[in-house]
Amino acid sequence: MNLCRADRMLLAGAAVAAGSAAIFGPTALGLGVPLGAYALMMADGVFRPASALLYPTLVRGRSDQPRVALTFDDGPDPEITPAVLDILAEHQARATFFVIGRYLDRHRSLGERLHREGHELGNHSWQHSPFQNFYPSAGHGEQIDRCAQLIKSLTGSGQEPLYRPPVGLKSPAMARAAHRRNLKVVAWSIHSRDTMSRNAHSVARSVANRIRPGDIVLLHDGHDREQRHRPLILKALPLLLRGLRERGLSSVTVSELSSETLPVMPAPSGATLAADDARS
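Given the structure is predicted, the values throughout are model-derived calculations rather than measurements.

Participant: Summarise the overall build of the protein chain; cite the residues concerned and give the values.
Facilitator: Summing up its helical and strand segments, the protein chain has eleven helices and eight strands in all. Within the protein chain, residue pairs in contact and separated by at least 24 positions form 79% of the contacts whose partners lie at least 6 positions apart.

Listed below in structure tokens is the structure:
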């Protein structure tokens with residue numbers, strides 16, 4: 001049986017709890033301690049984006065070359081993304097955009113421009129619902145597939161796009177859906193905090209001071225809420241790119257940064273995925 005990492009974790013936790021109860025009895029020592037430790041581990045797997053407890057997660061790329069990956073979430077936004085692309089072009093930088101499918105569907109020309117200019121389109125789910133981590137495996141699969149199909153239709157690629165779950169959260173159900181699709185899940189090693197700050201200089205300086213070869217940086221060119229925008233990036237990005245240049249670093253796509261870290265795996269058929277999701 002080809003179990004995903006999350007299911008192996010669940011089985012291991014049950015086995016440890018059963019063994020401890022058999023040895024020490026149904027006491028605080030026999031059940032409370034192992035179950036408490038297990039709960040803490042599961043919380044780490046769910047709520048810490050960089051955790052690989054439930055599913056293999058790329059946090060950093062190769063560090064043997066002076067390259068980093070800038071990633072942009074929650075777009076495309078027609079008020080922000082075109083200017084972001086202009087700035088990247090001016091600095092000869094490439095990036096990965098983890099797009100929300102419903103936005104990409106409305107602004108397909110932006111997706112085509114992203115691809116045409118050498119950037120990478122990643123999957124950030126179709127809806128980006130705040131409740132997605134509570135979805136069953138079939139719900140995750142639908143969100144993933146709908147966005148992936150649109151990306152592949154725009155890029156002409158048959159390869160599954162990189163996937164970043166909304167807010168970076170994972171669950172056993174998400175892990176099963178990702179496992180069945182052989183998805184490459186990407187988090188980040190540096191959070192720019194560009195959604196929390198109003199100071200572009202502070203955002204750029206904070207990232208530039210921490211960045212090292214191989215780092216994956218989380219930025220935002222869009223907003224998961226309708227009619228909301230995140231313009232801070234337009235002031236922070238030129239400063240950040242100048243900071244990278246001063247440190248001898250260049251920005252490439254996540255796939256370029258991790259070319260030997262993320263092997264290409266064939267995608268299962270749609271019929272197989274739907275059947276497997278329905279059984280979860």
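Now, onward.
Participant: Let's hear about the pairing of strand β3 (residues 95–99): which residues, and what values?
Facilitator: With five of five residues buried, β3 is to be regarded as a mostly interior element. Side chains A95, F97 and V99 of β3 all project onto a buried face; the interleaved residues T96 and F98 project onto the opposite face, where all are buried too. In this fold, strand β2 (residues 67–73) hands off to helix α3 (residues 81–90), which returns the chain to β3; that crossover is right-handed. The pairing of β3 with strand β4 (residues 120–123) spans four bridges and is classified as parallel. Opposite T96, over in β4, you have E120 as the bridge partner.

Participant: An account of helix α8 (residues 200–210) is requested, with residue identities and associated values reported.
Facilitator: Among all positions in α8, only A200, V203, A204, V207 and A208 are buried. In a view along the axis of α8, the buried residues occupy a sector of 120 degrees, so they form one face of it. Looking at the buried positions of α8, the neighbouring elements they touch are β6 (190–191), β7 (216–220) and α9 (232–246). If you check the start of α8, you find a side-chain oxygen 3.0 Å away from the backbone N of H201, and it comes from N199.

Participant: Which residues make up unusual backbone geometry, and what values go with them?
Facilitator: With an omega of 0 degrees, the peptide bond between G75 and P76 qualifies as cis. Residue placement: P76 occurs in the loop between β2 and α3. The phi dihedral of Q92 is positive, around 55 degrees, even though this residue is not glycine. Within the element layout of this structure, Q92 appears in the loop between α3 and β3. The residue V167 is not glycine, and still its phi comes out positive at about 65 degrees. As for its position among the elements, V167 is in the loop between α6 (137–155) and α7 (172–180).

Participant: Residues and numbers for the nonpolar core, please.
Facilitator: Membership of the largest hydrophobic core comes to 33 residues, with the highest contact counts inside it found for L70, F72, L88, F97 and L237. If you list the elements that add at least two residues to this core, you get β2, α3, β3, α6, α8, β7 and α9. Take this core: its biggest share by element is five residues, from α9. Excluding residues within four positions of it along the chain, F72 makes contact with V84, L88, A95, T96, F97, F98, L219, H220, D221, I233 and L237. One finds M42, L54, I144 and Y163 within the second-largest nonpolar core, a separate group that totals 16 residues.

Participant: Outline the pattern of salt bridges, supporting the account with residue identities and numerical values.
Facilitator: According to the stated counting rule, one finds 14 salt bridges in the structure shown. R60 is paired through a salt bridge with D215; the nearest N and O atoms lie 2.4 Å apart. Here D215 lies in the loop between α8 and β7 and R60 lies in the loop between β1 (57–58) and β2, a separation of 155 residues in the sequence. On the accessibility criterion, R60 (34% relative accessible area) is partly exposed.

What counts, and at which threshold
- Residues numbered from 1 in each chain as written.
- Predicted model: local features only at pLDDT ≥ 70, side-chain atom pairs only at ≥ 80, totals over all residues.
- Heavy atoms only, no water.
- Helix = DSSP H or I, 4+ residues; strand = E, 2+ residues; numbered from the N terminus.
- Contact = heavy atoms within 4.5 Å.
- Buried < 20%, exposed > 50% of the residue type's maximum accessible area, 1.4 Å probe, protein only.
- Right-handed = clockwise from strand over helix to strand, strands pointing away.
- Pairing = 2+ DSSP bridges.
- Arc of directions from axis to C-beta.
- Polar contact = N/O pair within 3.5 Å; in protein donor to acceptor, adjacent residues only side chain to side chain.
- Core = buried A, V, L, I, M, F, W, Y, C linked by side-chain atoms within 4.5 Å.
- Salt bridge = Lys/Arg side-chain N within 4 Å of Asp/Glu carboxyl O.

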